[in-house]
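Commentary on secondary and tertiary structure
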Amino acid sequence: MRISRKISLAAAAAAILTAGGVAVAQNRTTNPVHDVPAASANGNLVVGLCDGKTTAEVPGVKPGQTLTPKQAQDVSDRLMNDWKAKNPGANWDDAPKVAQNAPPPPARPAPPEGPVASNGGKQEAHTYGSYTKRDEEIWKASTDAFIEQGRQIFHDAGRLGGTIGVSCDMCHPNAANTHPETYPKYQVQLGRVAMLRDMINWCIENPVRGKPLADDDPKLKAMEAYILAQRKGVALEYGKH
Amino acid sequence: MRIRTKELLQDALKWALPLALLTSAACAGRDPASPPPPPPPDQPNAPTAVSTTPSTGVGDVNPAPNHPTAKVPSDLPIGVSPVLYAISVAPGQEPTPEQVKLGDKLFDDVRLSADNTVACKTCHDPARGFVDHEVTSIGIGKKHGQRNAPTVLNAMFNATQFWDGRAATLEDQAKLPILNPVEMGMKSGDEVVAKLAAIPEYRKAFLDVYGREVNYEDVGRAIAAFERTQFSGNAPFDRFIMGDDKAIDAQAKRGWALFNGKGRCNECHAGNAVNPLFSDQKFHNIGVAAKTSNFADLAREAQGAVDRGNQEEIDRLALESKFTNLGRFLVSKRHNDIGAFKTPTLRNIAVTAPYMHDGSFATLYDVIDHYNKGGIVNPYLDGGMQRLGLTEPEIDDLVHFLGTLTSERYDAYGKTEMARMNGKKGQRPERDTLVATGKKGDTGDVGPTPDAKIKDPSSDGVYGVFDAAKK
């Protein structure tokens, strides 16, 4: 927790950004490091939990090997159970509290009814302030597509850049217990005030065992989008998250 | 883990549809083998097909539109969005091969014109990107129209048709040029029907396809059916965005960054994987209309008519050809639409010169030169217009990027056209470097646009398939 290290993200960014040629050089200077031993006394792979303290070894798996999805899920469960045992009072949801738990927002004027091909796509009043049902459908589908990319990455150790087969969903099924609405907040593991993306990156470092993503990495943004979307509409419960 | 299994299953189910839509262009809803009859008249919105708009998976607070949607072809090329297809094609509008064949024949047939000299194809030539490369189109008797012929390619995805959006559908659009006195010059739909019905092959074809005698609505429907097969993707840009880093060169990548940054093109020509048209389908006054010397007078006259609220006077203005440059205003009768024209798609832009509603820009260099100086100042200039300060190499990069939006179908033709425009690089009637660089005039100051030297503005994943290469 006391060593700070400097990670140049230029190489990672260059590999990730397919949409453009210019990589972003950024320095990350403040993250502490969870010193997880490379191997247990028995020579097995050790996996660290995101609390920066809890670890578990995976029998029969050597450092450098990738876990099978079952092994990865099993060790994630063991870590979480350890953590829950150590923190009996923790507020941990078994499933994400999602928007359908919240009362629907008040209705607003509906855009023109019916398929857009027949509504004429009327442009009312101001050029930029106006929108049609077609616009709305495109915006919604675009947003959903972005969220969907985040969901896929969240569930995919490979695309997270993980090296041991652990992915986010193994501790956070459907992004449960990610509490995106509680950021910014002081995050003890990091020893500083963090935003959601900082915590995603922390989890990518441990337990996923990957390299943190640049703050503006599309993958990071897509995961934020997914996590936020899963929680949209949940009332804040200060002090509980 | 007991709970988790259930959650994961729910999760998988929630995402099954959008996944299928976004990745494999699966059909949405009906069994392709047995298209159901249209909904009964008393149930115009009967759910004959499921919605194709993906759910966010976060419950019912913002339910997806649940109107019925068309069956989406399973073999759309990259760069053609199945979601946009479902949004743009109403259920029942899916073209059948028989309708397409008839529509194609009508599209090519000069007998749809009064003197048997002009077909749809005359101005929308499939061999030339479905345009005619004329400044404004030429109809019967060599009469010149007021507007430049827009391409049919991807027109099916437009929210409205024509430069001023006065037709809501392809069907409505198709019927109008046939009756326009300076285009195909037929006097009425009835006259068209009588002429076609007298041609045995057409009478038979309409009976076969629509099960009834020739009528003007079906003429529009058949042509629209053909046009709904003219979706166009599969451009080098699409291959690039899907992960083939070598599909476009370094100059085009710089152009793509400028497009999203300093060039501000994405203000109106934004595209993404869901909506890959590169058009907001809105109407903007970018100052092209203001090139005519009397634009201010015409606008004042039009504005006065609206202010007086005399509908008859407004309608009269809309019919007079000298008011053509008032654009969308003639349809909407709204002040802010004076001199505004629809943002066209940029797909296949290299093969659809000349540019703008009046065809007044011969090359893409002219187009960029125009935007570079912030358009042409007029009282109705769109608020998004400002000088850009693009350098000559940056203009080259942007033009080069636009050349990567050409479909594979027009690959060779696109290269020819790009070479032709490059050959005209020395002739730059729209260029005004002093204005573009802020040394003269006042068209706003350049805003804090992303600087490609610091960060590539196209690298932030807005197109939506940023991780495709890893799949």
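For clarity, every value in this text was computed on a predicted model and none was experimentally measured.

1. What about the overall build of chain B?
Summing up its helical and strand segments, chain B has 18 helices and two strands in all. Residue burial in chain B is summarised as follows: out of 471 residues, 52% are buried. Pairs at least 24 residues apart make up 68% of the contacts formed inside chain B by residues separated by at least 6 positions.

2. A short note on the overall build of chain A
Helices and strands together make up the secondary structure of chain A, namely six helices and six strands. When the helices and strands of chain A are listed from N to C terminus, the series reads β-α-β-β-β-α-α-α-β-β-α-α. Across the 241 residues in chain A, those meeting the buried criterion constitute 45%.

3. Brief notes about the confidence of the model for chain B
All names here are of chain B. Residue-level pLDDT values for chain B average 84, and 84% of them are 70 or greater. For the stretch residues 1-65, pLDDT sits under 50, and the model shows 109 contacts to residues farther than four places along the chain or on other chains. Complex prediction metrics read pTM 0.79 and ipTM 0.78.

4. Remarks on the domain arrangement of chain B
All names here are of chain B. Domain annotation for chain B reports domain 1 (97-227), domain 2 (236-287 + 342-470) and domain 3 (289-338). Taking only C-alpha atoms, the centre of domain 1 and the centre of domain 3 are 28 Å apart. Counting from both sides, the interface comprises five residues of domain 1 and, opposite them, six residues of domain 3. When its residues are assigned to classes, the side of domain 1 that touches domain 3 shows one nonpolar, two polar and two charged.

5. With respect to helix α7 (residues 200-210) of chain B
Residues and elements named next belong to chain B. All of the buried residues in α7 are Y202, F206 and V209. When α7 is viewed along its axis, its buried side chains cluster within an angular range of 75 degrees and face the same direction. For α7, exposure combined with an orientation more than 90 degrees from the buried face picks out P200, E201, K204, L207 and D208. Elements that come into contact with the buried residues of α7 comprise α3 (97-107), α6 (189-197) and α8 (216-227).

6. Focus: the pairing of strand β3 (residues 45-48) of chain A
Residue and element names in this part refer to chain A. Relative to strand β4 (residues 55-58), β3 is paired through four bridges, and the arrangement is antiparallel. Along β4, the bridge assignment pairs V47 with A56. In this antiparallel pair of consecutive strands, β3 and β4, the connection spans six residues, and G52 shows a positive phi of 80 degrees.

7. Some points on the packing of helix α3 (residues 133-154) of chain A against helix α6 (residues 218-231) of chain A
All names here are of chain A. Direction vectors running N to C along α3 and α6 enclose 100 degrees, while the axes themselves pass 7 Å from each other. By the angle class used here, α3 and α6 are roughly perpendicular. Counted together, F146, I147, Q149, G150, R151, I153 and F154 of α3 and K219, A222, M223, A225, Y226 and A229 of α6 form the full contact between these two elements. Partitioned by chemical class, the residues of the contact of α3 with α6 number nine nonpolar, two polar and two charged.

8. What about unusual backbone geometry?
Residues apart from glycine generally show negative phi values, whereas peptide bonds are mostly found in trans. All names here are of chain A. Geometrically, the link from Y183 to P184 is a cis peptide bond, its omega value of 5 degrees lying close to zero. Looking at where P184 falls in the secondary structure, it is placed in the loop between α4 (157-160) and β5 (185-187). Cis peptide bonds are those with omega within 30 degrees of zero, and the linkage from N206 to P207 qualifies with 15 degrees. Mapped onto the fold, P207 is located in the loop between α5 (196-205) and α6.

9. Some details on the packing of α5 of chain A against α6 of chain A
Residues and elements named next belong to chain A. Interaxial distance between α5 and α6 falls to 10 Å at its minimum, and their mutual angle equals 110 degrees. One way to sum up the angle between α5 and α6 is to call them roughly perpendicular. Residues L196, R197 and I200 of α5 form the contact with α6, whose own contacting residues are L220, M223, E224 and I227. Residues that form the contact of α5 with α6 fall into these classes: five nonpolar, no polar and two charged.

10. What to know about the confidence of the model for chain A
Residues and elements named next belong to chain A. Averaged over all residues, the pLDDT of chain A equals 77, while 71% of them reach at least 70. Per-element mean pLDDT across chain A ranges from 36 in helix α1 (residues 10-16) up to 94 in α5. Per-residue pLDDT stays below 50 along residues 1-28; that stretch engages in 63 contacts with residues further than four places along the chain or on separate chains. The low-confidence segment residues 113-124 (pLDDT under 50) makes 37 contacts with residues lying over four places distant or belonging to another chain.

11. Some thoughts on α5 of chain A
All names here are of chain A. The buried fraction of α5 is high, at ten of ten residues. Considered for burial, the residues of α5 that qualify are L196, R197, D198, M199, I200, N201, W202, C203, I204 and E205. Tucked into the core, α5 has its buried residues touching α4, β5, β6 (192-194) and α6.

12. Quick notes on the environment of V118 of chain B
All names here are of chain B. Mapped onto the elements, V118 comes out in the loop between α3 and α4 (120-123). In this structure, the C-alpha to C-alpha distance between V118 and T151, residues 33 residues apart in sequence, is 17 Å. With sequence-adjacent residues up to four places away left out, V118 is seen in contact with V110, S113, G139, I140, E183 and M184.

Conventions and cut-offs
Residues numbered from 1 in each chain as written. Chains lettered and ligands numbered in written order. Predicted model: local features only at pLDDT ≥ 70, side-chain atom pairs only at ≥ 80, totals over all residues. Helix = DSSP H or I, 4+ residues; strand = E, 2+ residues; numbered from the N terminus. Buried ≥ 20, exposed ≤ 12 C-beta atoms within 10 Å, placed from the backbone. Contact = placed C-beta atoms within 7 Å. pLDDT = per-residue confidence, 0-100. Domains from an automatic or database assignment. Nonpolar A, V, L, I, M, F, W, Y, C, P; charged D, E, K, R; others polar. Arc of directions from axis to C-beta. Pairing = 2+ DSSP bridges. Axes fitted to C-alpha atoms, helices over the stretch in contact; angles between N-to-C directions. Parallel < 35°, antiparallel > 145°, perpendicular 65-115°, else oblique.

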